[in-house]
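The residues making up each chain are set out below.
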Amino acid sequence: MTRETTYDDAAEAPVLTGTPNPPDAGPAAHGCHAGAERMRAEAAGANPELMEGFARDYPKGPHDQPQSMCPAFGSLRVGLRMRRVATILSGSACCVYGLTFVSHFYGARRSVGYVPFSSETLVTGKLFEDIREAVHDIADPARLDAIVVTNLCVPTASGVPLRLLPKQIDGVRIIGIDVPGFGIPTHAEAKDVLAGAMLAYARAEAEAGPVPRPAAAVTDRPTVTLLGEMFPADPMSIGALLAPLGLAAGPVVPCREWRELYAALDGAAVAAIHPFYTAAIREFEAAGRPILGSAPVGAEGTEAWLRAIGETFALPASKVAEAQNAVLPAIRAGLAAHPVQGTVTVSGYEGSELLVARLLIESGARVPYVGTACPRTRWSAEDVGWLEAHGAMVKFRASLEDDCAAMEAVRPDLAIGTTPVVQKAKELGLPALYFTNLISARPLMGIAGAGQLAQVVNAAIANKDRMATMRDFFEGTGTGDTAGIWEGAPNVQPDFRARQVKKLEKQARAAKAAEMI
């Protein structure tokens, strides 16, 4: 038999061979897969103020591009969770497809607008005209309070000027932001990009005159605005902690509707539960609001946080002590009733890694390593000091390599981390939990947080023998491209591998030489 059996003639279709892009074709030709350094340089030429702001607010880590999901998912998710807010993306089609898919995977339940482009529309400025036309088309004040337009990597590198869009159309606010992968290291910080832009717009509105009251109930007590996404029960727990002090929990930023922004700015103080919201903190400070770091996690964390609240509001020490005594015994009892025994490494990119580590240590666990992809800020100093005093090494802007190296060195009873860290741990026969879905999706604050992690953590640690058994069962099946069961020895083709290595090394040298020109 000399001919392959087929069911149609698709295999006979001619293959068209394209031509490589010229060296000076610009970002549109290279797309989002172009070198981050090159796109960063092009963006710096097109909009130097933007890139200087990114470098100041979101300092780069050890890699030139994020190791987690596209950062724009963070700002996209914030916009999609807000009522009466529409979202439009401008970027490569593959990026928009991926972002739209993952947003609906996480339950967006609404459409994501997209303005496509070509090299011609990008270079001639037609893309900006198309974006402006799209904004005018959907700006319906009966349905919308705001429209968020987001530039992804290629439009940002090309300098598409969203700042020239109208500030409002028939009362619908227009918010234009740039969220490139070469400027924003994590999707957690991209949430701050949009939150900061919205707070800046809302603050300008409040300074210009009266603004609408929030739709939710308004308390006559001073409020504490909560900064950073958290489990839905946590704001209620914080509110219960504040009530004996005559205070109330304010809105959570990022907000769920536009009017909440006014209430957030009106808060008497801001609790930076997630301390890396640099742009949002800048707006609160401009509004004259004091900022508090850390959070009420565990007994010691709750005691210190309530003390800081008392100092911020100049409350009598006796009143603060009364509030502490009302909750600390219950928190200590909850921690004692649900102990965690074992060594745990913690890593992730959500921004709450330090808080989770604190709660685990107060539950009895040994936590020698805490890695977060987010940056160090002055609002994280208290948590860092506490963790280091309890034997933990804290690594900011931790890379995947950092997290895996720590996990391999410590060989913990449980590794909490991102998907590739969990995968690596299980390959080594170590129990592991995915931080985002299994850890951050639980209450952490106050009485409700005490003992919450123990059940899932202890159950995972108890699976250590099962993991070892599975590893022994699959021993010898190979790894990587030799994984599986083979009738004979895998054909690894070392000569082909050697040629590919040389080819990659040559490309790397050429790219390095191009950077020096």
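These figures come from a predicted structure and were not determined experimentally. (Residues numbered from 1 in each chain as written. Predicted model: local features only at pLDDT ≥ 70, side-chain atom pairs only at ≥ 80, totals over all residues. Heavy atoms only, no water.)

> Which residues make up the overall build of the chain, and what are the values?
From N to C terminus, the chain includes 23 helices and 14 strands. Whereas a compact globule of 517 residues would reach a radius of gyration of roughly 24 Å, the chain reaches 26 Å, a difference of no more than 12%. In the chain, buried positions account for 49% of the 517 residues. Considering only intrachain contacts with a sequence separation of at least 6, the fraction spanning at least 24 residues in the chain is 72%. Counting 48 positive and 56 negative side-chain charges, the chain places the centres of these two groups 2 Å from one another. (Helix = DSSP H or I, 4+ residues; strand = E, 2+ residues; numbered from the N terminus. Rg over C-alpha atoms; globule rule 2.2 N^0.38 Å. Buried < 20%, exposed > 50% of the residue type's maximum accessible area, 1.4 Å probe, protein only. Contact = heavy atoms within 4.5 Å. Lys, Arg positive; Asp, Glu negative; His and termini not counted. Charge placed at Lys NZ, Arg CZ, Asp CG, Glu CD.)

> Give me the layout of surface pockets: which residues, what numbers.
Empty space within the second largest pocket amounts to approximately 850 Å³. Along its surface, the second largest pocket is lined by 30 residues, and Leu50, Gly176, Ile177, Asp178 and Ala197 are the ones closest to its centre. When residues in the lining of the second largest pocket are grouped by element, the largest group, six residues, is from helix H3 (residues 48–57). Looking at the lining of the second largest pocket, its residues break down into 16 nonpolar, six polar and eight charged. (1 Å grid on protein atoms, 1.4 Å probe; cavity = no way out; pocket = protein on both sides within 12 Å on 5 of 7 lines; lining within 4 Å. Points joined across faces, edges and corners; volume = space filled by probe spheres on them. Nonpolar A, V, L, I, M, F, W, Y, C, P; charged D, E, K, R; others polar.)

> Lay out the sheet that holds strand S10 (residues 343–348) with the relevant residues and their values.
Sheet architecture is open: five strands sit in the order S12-S11-S10-S13-S14, paired in parallel fashion. The sheet is open, and its two borders are formed by strand S12 (393–396) and strand S14 (432–434), each paired with just one other strand. Strand after strand, the sheet turns through a mean of 10° between neighbouring axes, direction not considered. In this sheet, S12 lies alongside strand S11 (residues 366–372) in parallel orientation, the contact comprising four bridges. Note that in S12 the partner of Val370 across the bridge is Val394. (Pairing = 2+ DSSP bridges. Axes fitted to C-alpha atoms, helices over the stretch in contact; angles between N-to-C directions.)

> Before we move on, could you go through the pairing of strand S5 (residues 172–178) and cite the residues and values that matter?
Counted residue by residue, S5 has six buried out of seven residues, so it is predominantly covered. Where strand S4 (residues 168–169) and S5 come together, two bridges link them in antiparallel fashion. Of the residues in S5, the one forming a bridge with Ile169 is Val172. The loop that links S4 with its antiparallel partner S5 comprises two residues; one of these, Asp170, has a positive phi angle of about 55°.

> How would you summarise the nonpolar core if you had to cite specific residues and measurements?
Counting 58 residues, the largest nonpolar core has Ile309 and Leu360 as its most contacted members. Looking at which element gives the most residues to this core, the answer is helix H15 (residues 353–362), with seven residues. If sequence neighbours within four positions are ignored, Ile309 has contacts with Val224, Leu242, Leu245, Leu247 and Leu292. Counting residues in each nonpolar core, the second largest holds 57 residues, with Leu194, Val253, Leu265 and Phe284 among its members. (Core = buried A, V, L, I, M, F, W, Y, C linked by side-chain atoms within 4.5 Å.)

> Residues and numbers for the packing of aromatic side chains, please.
As enumerated under the stated definition, the model contains four aromatic pairs in all. Arranged with centres 6.4 Å apart and planes meeting at 25°, the rings of Tyr97 and Phe101 form a pair that is stacked. Taken together, the residues span about one helical turn, with Tyr97 and Phe101 both in helix H5 (residues 93–105) at a distance of four residues. The burial state of Tyr97 is the same as that of Phe101; both residues are exposed. Considering the side-chain rings of Phe276 and Tyr277, the 5.2 Å spacing of their centres and the 35° angle between planes classify their relative orientation as tilted. When its relative accessible area of 2% is taken as the criterion, Phe276 is described as buried. (Phe/Tyr/Trp six-rings, centres within 6.5 Å; stacked < 30°, edge-to-face > 60°.)

> Describe the side chain of Thr156, naming the residues involved and giving the relevant values.
For Thr156, the location among the structural elements is in helix H8 (residues 153–158). One polar contact links the side chain of Thr156 to the main-chain carbonyl oxygen of Leu152, over a distance of 2.9 Å. Those residues in contact with Thr156 that lie beyond four places of it in its chain are Ala43, Leu50, Asn151, Asp178, Val179, Pro180 and Phe182. (Polar contact = N/O pair within 3.5 Å; in protein donor to acceptor, adjacent residues only side chain to side chain.)

> Kindly report on the confidence of the model for the chain, identifying the contributing residues and their values.
Overall, the prediction assigns the chain a mean pLDDT of 89, with 91% of residues at 70 or greater. In this model residues 15–24 is a low-confidence stretch, pLDDT under 50, and it forms six contacts with partners more than four residues away in sequence or in other chains. (pLDDT = per-residue confidence, 0-100.)

> Quick one: what's the story with the packing of helix H9 (residues 187–208) against helix H12 (residues 278–286), residue by residue and with numbers?
At their nearest, the axes of H9 and H12 sit 7 Å apart, and the two run at 20° to each other. In terms of axis orientation, H9 runs roughly parallel to H12. In this structure, the crossing between H9 and H12 has a hand that is left-handed. Where H9 approaches H12, its residues Asp192, Gly196, Leu199, Ala200 and Arg203 are matched on the opposing element by Thr278, Ala279, Ala280, Glu283, Phe284 and Ala286. Each residue belonging to the contact of H9 with H12 can be placed in one class, and the counts come to six nonpolar, two polar and three charged. (Parallel < 35°, antiparallel > 145°, perpendicular 65-115°, else oblique. Left-handed = near helix turned anticlockwise from the far one by under 90°.)

> Account for the sheet that holds S5, with residues named and values stated.
Judged by pairing direction, the sheet is mixed, and its five strands sit side by side in the order S2-S1-S3-S5-S4 without closing on themselves. The open sheet has two free edges, formed respectively by strand S2 (113–114) and S4, since each of these has just one partner strand. Alignment of strand S1 (residues 85–90) against S2, held across two bridges, turns out to be parallel. Looking at S2, one finds that Ile88 is bridged to Gly113. Strands in contact with helix H4 (residues 72–80) are S1 and S5; relative to S1, the strand with the most contacts, it is inclined by about 155°.

> Which residues make up empty space enclosed by the protein, and what values do they have?
Applying the stated criterion across every chain yields a total of two cavities of 30 Å³ or more. Every residue lining the largest cavity is counted, 13 residues in all, and those nearest its centre are Pro275, Gly351, Leu354, Ser380 and Phe396. The element that contributes the greatest number of residues to the lining of the largest cavity is H15, accounting for three residues. Grouping the amino acids of the lining of the largest cavity by side-chain chemistry returns eight nonpolar, three polar and two charged. If you add up the space inside the second largest cavity, you get close to 30 Å³. In terms of lining, the second largest cavity is formed by Val78, Met82, Ala195, Met198, Val253, Pro254, Cys255 and Leu261.

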